[in-house]
Structure formats: structure tokens, C-alpha cells
Amino acid sequence: MKNARTIRSTLMLLAALIYFVPLHAQTGYSLKEAVDYAIKHNLNVKNAQLDAVSAEARIGEIRAAGLPQVTGAVSLTNNIIIPRFFLPAKTFDPSAPDDAPPSAVKFGIPWQGSASANLNQLIFNGSYFIGLKAAATYRELAQKSTTSSKVTVAEAVTKAYYSAQVAEERAKLLDLNIARVDSSMRETKAMNASGFVELLDVNRLEVQINNLQTERQKVQNLIELSYALLRFQMGMPANEPIKLTDDINAVNVAELRSESESLDVSYEKRIEYSLLNTQEKLAMLDLRNVRSGYLPSLSASLGYGYNAGMDKFSQLFNNPWFNNMVLAVNLNIPIFDGFTKKYQIAQKKIAIDKVKNNQNLLKQSIDLENNQASINIKNAFATLETQKRNLTLAEEIVRVTKIKYKEGVGSNIEVVNAESSLKEAQTNYFTALYDLMIAKVDLSKAKGELYSE
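These numbers come from a predicted model, not from an experiment.

Calculation criteria
Residues numbered from 1 in each chain as written. Predicted model: local features only at pLDDT ≥ 70, side-chain atom pairs only at ≥ 80, totals over all residues. Heavy atoms only, no water. Helix = DSSP H or I, 4+ residues; strand = E, 2+ residues; numbered from the N terminus. Rg over C-alpha atoms; globule rule 2.2 N^0.38 Å. Buried < 20%, exposed > 50% of the residue type's maximum accessible area, 1.4 Å probe, protein only. Contact = heavy atoms within 4.5 Å. Pairing = 2+ DSSP bridges. Axes fitted to C-alpha atoms, helices over the stretch in contact; angles between N-to-C directions. Expected span 1.5 Å × (residues − 1). Arc of directions from axis to C-beta. Phe/Tyr/Trp six-rings, centres within 6.5 Å; stacked < 30°, edge-to-face > 60°. Core = buried A, V, L, I, M, F, W, Y, C linked by side-chain atoms within 4.5 Å. Patch = residues over 30% accessible without salt bridge, like charges linked within 9 Å, V, L, I, M, F, W, Y side chains within 5 Å. Areas by Shrake-Rupley, 256 points an atom, 1.4 Å probe, with all protein chains shown as cover. Salt bridge = Lys/Arg side-chain N within 4 Å of Asp/Glu carboxyl O. Parallel < 35°, antiparallel > 145°, perpendicular 65-115°, else oblique. Left-handed = near helix turned anticlockwise from the far one by under 90°. Nonpolar A, V, L, I, M, F, W, Y, C, P; charged D, E, K, R; others polar.

Undergrad: Which parts of the structure should I look at to understand the overall build of the protein?
TA: When helices and strands are tallied, the protein shows nine helices and eight strands. Expected size for 453 residues packed as a compact globule is a radius of gyration near 22 Å; at 42 Å, the protein overshoots this value by more than 25%. Counting across all 453 residues of the protein, residues that qualify as buried make up 33%. Put simply, of all contacts in the protein between residues at least 6 apart along the chain, 82% involve residues at least 24 apart.

Quick look at the structure:
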């Protein structure tokens, strides 16, 4: 009785742990939730977002150049040894002979002080106004770069999610196969003990179970690796438990087929093409910026301050300081730069031509990707249908061979071979299903429909 109570207590404790711990430790994620989590936590996306923040700071820096610039300065000078200036002797003594040595006269006083403030204002500069226009385009480029990073992360997470799903399904099938073969082996052992079958039949089934268990361990390792890859792509800690809530068996193949039949290609949906368009805008603005160097620039400055000079330091702050004020307008007119801007313009035009060539090349690449993805998904559909038929046939063959074996009109070898063929058909089916889902991801990416904000 005591042992029974102990067992019951242990079972109740285990049940409580099973009920409460998974709810606390594991978080379920659908594919969409996994992608959303990755967008928030993946470090590549975070770096792209930081680049966008940095771009805003760069835009502010460009704008600041056109705002008033105010500086202040305070200076205190001690002329320890006052410099001398040499003047003709007759400057102070008209009667001095012509060959008299010049007079060395001190020029300055021991202590000098000054305090001033200066205001500078840019009035016109072609490069500055082009920079303001480029600022908005620069912001657009940073935002699109962030989107491009999100698309890449969404693709990686989706493929890792499907990989983990398929690995789990393979494990479930192997567990079923192990249970089925184990049941057959127990029946065969009983028949062997009764003298109806040979020991060799039992040994064959035992070998089959050992092979299945070995493969099951390999699949378990694959599951752990798939989950590790998924957590990495999601930006999740490596030791955090995760559960997949989507069921890959619930995929509507017919609906998926109808969605993939559209061959319409829109280059504008591809973030890479949009990025190149933005780069072309920046290249055009860069060209205009160099051309603006031929225009004059105009600026103004206003300075106001005080200064004083005394023989002693104590006198410097006990006597009045004298104010001064300066207003300046500066006009810079470029006349000749040795053809520097001419060659810079030539380089900028070449850069624009290269961007246009890259646009055409990207269009060709997008067309090729769409064609390849369309062909791959058609092949994937055909392969899945074939493997599904093979799986149905393999299940029927196992059922019939077992009946024949039990009735004594079939051999144990036929049963073992049928079981092996069924396992292979199951593996091939889920491999085909995985290939179909990956082909779907590739097609969605080729069309620019994989991820949208």
C-alpha cells in the first residue's frame, strides 16, 4: 500500500509538471508570428534600422549647414617679451645722420584681452540646396534598405520553419513505424514460440527495428538542429524553448496551385529594383551637385566684440574695454578650376549609366528567377502527387503482405521489404512536401510578395 501511495504521488506530481511547465516554458509560434518576432529581434534588421536612424542624423547635419552659425571667443594674451619694429632713425630724430642705425621700437603692450561673438549665415550655395533635395532621397534609401533586410530575414525564417515542421513529421512517422514493427515482432515471437515461424523471421524484424531506431535518433538530431537554426534566424536566445503551431499537413495544395499559376511580373514589387531606382535618384542629384559648383556662393558674417590692452594684468579688468563691430558679405565666384568639375561630371554620368545597366540586368534576373521558380513549383507539385500515390500504394502493400503472412501464404521477407518501402515512401512524401513549400517561398520572393509591411 505504501508503495502504491508513493507511485500515485509521483504520478500526480509528474502530471502537474506536464500541465504547468510547458505552458510556462514554451511559446507557440505560427509562421507569421515567427516572422514578426524575427523582424523585431533579428540583429541584421536591427542594424538596418540603426542605419536608418543614422541617416536621419545625417539629414539633420546637412540641414544644419544652412542655419545661422554663432561662435564666441575669449582671448587673454601676455606678451612676455614685446616684439620690436625697426624704423629709420629720422622717424623720431630728423637731425639724425643718414647712416644712423634704425631705431628699435617696442610695438605692443604686455597684456591684451578680447571677447567677441561672430554670426555666419549662408545666403546662397548650389550644393547646399541640392543636398537638401538629396536628404529626402537618402532617407528613402535607408528605409528601403531596412525593408530589404526584412525580406531576407522573412525568407530565412520561413524556410527554417518549414524545415523544422518536416523534421517533426518524419519523427512522428518513424515512431509509428517503430511501434508497428515492434508489434509485428511480438506477434512473430509468439508464433516462433509456438513453432509456426522460424527464429530468422524474428531476427529480421529486430534488425529492422534497430535500423528504425537509429534513423529516429538521426531525425531527432535534425529536429534539434532545425530548431536551433530557426531560433538563430528569429534572433531568439539559443536556449529558449519554442513550439510550432502551424500544421504542414493542413496545407491546401489545390489553393497553393491556383495561387502559383499567375505569371505576372511586377518589377516595382521587388525591393531590389526599388533600391536601384532610389540609387539612380541619388546619382542624378550627385551630378547636379557637381554642376552647381559652377554657380557663385554668397554668405554674410557679423562680428561684435570688446578688446583692451594694459601694461599690468590688474589694470586689464579695472579699465574700460572698447567695442568693435564688423559686417562682411562674401561672394565667391568660380572662374577656372583646371577642368576639375568637367571630369567629375564625366564620372558622375558614367555612374548613372552603370545604375541604368544594373536596372536592366536586375530586370533580366527577375524574369529568370520567376521562370525558374515557376518551373520548380510545377515540378514540385508533380513530384508531390507522385509521392502521395506511392505512399498510398505502399500502405496498401504493407496491409496485404501482413494479411498474407498471418494466413501463411506470404513470407516474412515480403513484410520486411514492404515496411522498408513504406518508410521510404513516407520519407519521399515529406521531402516532396518540403520541396514544394520551399518552391512556394522562392516564387513569392521572385514576385516580390514574400513580405510586405
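Don't stop here, the text continues.
Undergrad: Is there a simple way to think about the sheet that holds strand E7 (residues 297–310) in this case?
TA: In sheet architecture, strand pairing relies on hydrogen bonds along the backbone and comes in two forms, parallel and antiparallel. With antiparallel pairing, the four strands of this open sheet are ordered in space as E2-E5-E7-E8. Edge positions in the sheet fall to strand E2 (69–78) and strand E8 (322–332), since each of these pairs with one other strand and no more. The sheet shows a mean angle of 15° between the axes of neighbouring strands, taken without regard to direction. Direction of pairing for E7 relative to E8: antiparallel, over a ladder of eleven bridges. Of the residues in E8, the one forming a bridge with Gly303 is Val326.

Undergrad: Just to check I follow, could you spell out the environment of Lys159 for this structure?
TA: Structurally, Lys159 can be placed in helix H4 (residues 126–193). Along the backbone, Lys159 and Asp442 are 283 residues apart, and their C-alpha atoms lie at a distance of 9.6 Å.

Undergrad: How should helix H5 (residues 199–234) be read in this particular structure?
TA: Residues spaced three or four apart along an α-helix point in a common direction, a consequence of the helix completing one turn every 3.6 residues. The end-to-end C-alpha separation of H5 is 52 Å, in line with the 52 Å expected for 36 residues at 1.5 Å each. Gly235 occupies a position one or two residues after H5 and carries a positive phi of about 75°.

Undergrad: Would you take a moment to explain helix H3 (residues 43–64) for this structure?
TA: When the terminal C-alpha atoms of H3 are compared, their 31 Å separation across 22 residues agrees well with the 32 Å that a helix rising 1.5 Å per residue should span. Burial in H3 covers these residues: Val45, Ala48, Ala52, Ala55, Ile59 and Ile62. Here the buried residues of H3 occupy an arc of 80° about the axis, which is enough to place them on one side. Relative to its buried face, H3 has exposed residues pointing more than 90 degrees away, namely Leu43, Leu50, Val53, Ala57 and Glu61. Its buried side turned inward, H3 meets helix H2 (31–41) and H4.

Undergrad: Is there a simple way to think about the packing of aromatic side chains in this case?
TA: Each aromatic ring pair is described using two quantities: the centre-to-centre distance and the angle formed by the ring planes. Under the defined criterion, the tally for this structure stands at ten aromatic pairs. Both rings, one in Phe336 and one in Phe339, keep their centres 5.3 Å apart while their planes meet at 85°; by these two values the pair is edge-to-face. Phe336 gets classed as exposed once you look at its relative accessible area, which sits at 60%. Chaining the aromatic ring pairs together yields one cluster made of Trp111, Phe313, Phe317 and Trp321.

Undergrad: Explanation requested: the environment of Gln208 in the structure shown.
TA: Position of Gln208 among the secondary structure elements: in helix H5. Between the C-alpha atoms of Gln208 and Ser420, which are 212 residues apart in sequence, the distance is 8.2 Å. Here Gln208 is in contact with Val181, Val416, Glu419 and Ser420, once residues within four sequence places are set aside.

Undergrad: So what exactly am I meant to see when it comes to the nonpolar core here?
TA: As a rule of thumb, nonpolar side chains are buried together in soluble globular proteins. Residues Tyr29, Val35, Val157, Leu230, Met234, Ile242 and Leu436 are the most contacted members of the largest nonpolar core, which totals 62 residues. Within the residue set of this core, elements represented by two or more residues are H2, H4, H5, strand E6 (242–244), helix H8 (340–406) and helix H9 (412–447). With 16 residues, the top contributor of residues to this core is H4. With sequence-adjacent residues up to four places away left out, Leu436 is seen in contact with Leu256, Ile377, Ala380, Phe381 and Leu384.

Undergrad: What exactly am I supposed to notice about a nonpolar patch on the surface here?
TA: Side chains of Leu331, Ile333, Ile335, Phe336, Phe339 and Tyr343 sit close together on the surface and give an oily, nonpolar patch of about 750 Å² of accessible area. Considering the arrangement of structural elements, one finds Ile333 in the loop between E8 and H8.

Undergrad: Would you mind showing me how to read the packing of H4 against H5 here?
TA: In helix packing, the relevant descriptors are the interaxial angle and the interaxial distance, both defined with respect to the helix axes. In the contact formed by H4 and H5, the axes pass within 8 Å of each other and the chain directions differ by 165°. Between H4 and H5, the interaxial angle falls into the category roughly antiparallel. Remark: the crossing between H4 and H5 carries left-handed chirality. The class makeup of the residues in the contact of H4 with H5 is 24 nonpolar, nine polar and nine charged.

Undergrad: I tried to follow the pattern of salt bridges on my own but got confused; where do I start?
TA: Where charged atoms from two side chains of opposite charge come close, those side chains can pair. Counted by the stated rule, this structure contains 23 salt bridges. Each of Glu155, Lys159, Asp442 and Lys445 takes part in a single network of salt bridges with overlapping partners.

Undergrad: Would you take a moment to explain unusual backbone geometry for this structure?
TA: Where the residue is not glycine, phi is negative for most of them; where a peptide bond is considered, it is trans in most cases. Backbone geometry at Phe339 places phi at a positive 65°, although glycine is not the residue there. Looking at where Phe339 falls in the secondary structure, it is placed in the loop between E8 and H8. Overall, Phe339 belongs to the partly exposed group, its relative accessible area being 43%.

Undergrad: When you look at the packing of H4 against helix H7 (residues 271–291) in this model, what are you seeing that I'm missing?
TA: Relative orientation of the contacting elements H4 and H7 amounts to 165°, with a least axis distance of 9 Å. Relative to H7, H4 is oriented roughly antiparallel. Crossing handedness for the pair H4 and H7: left-handed.

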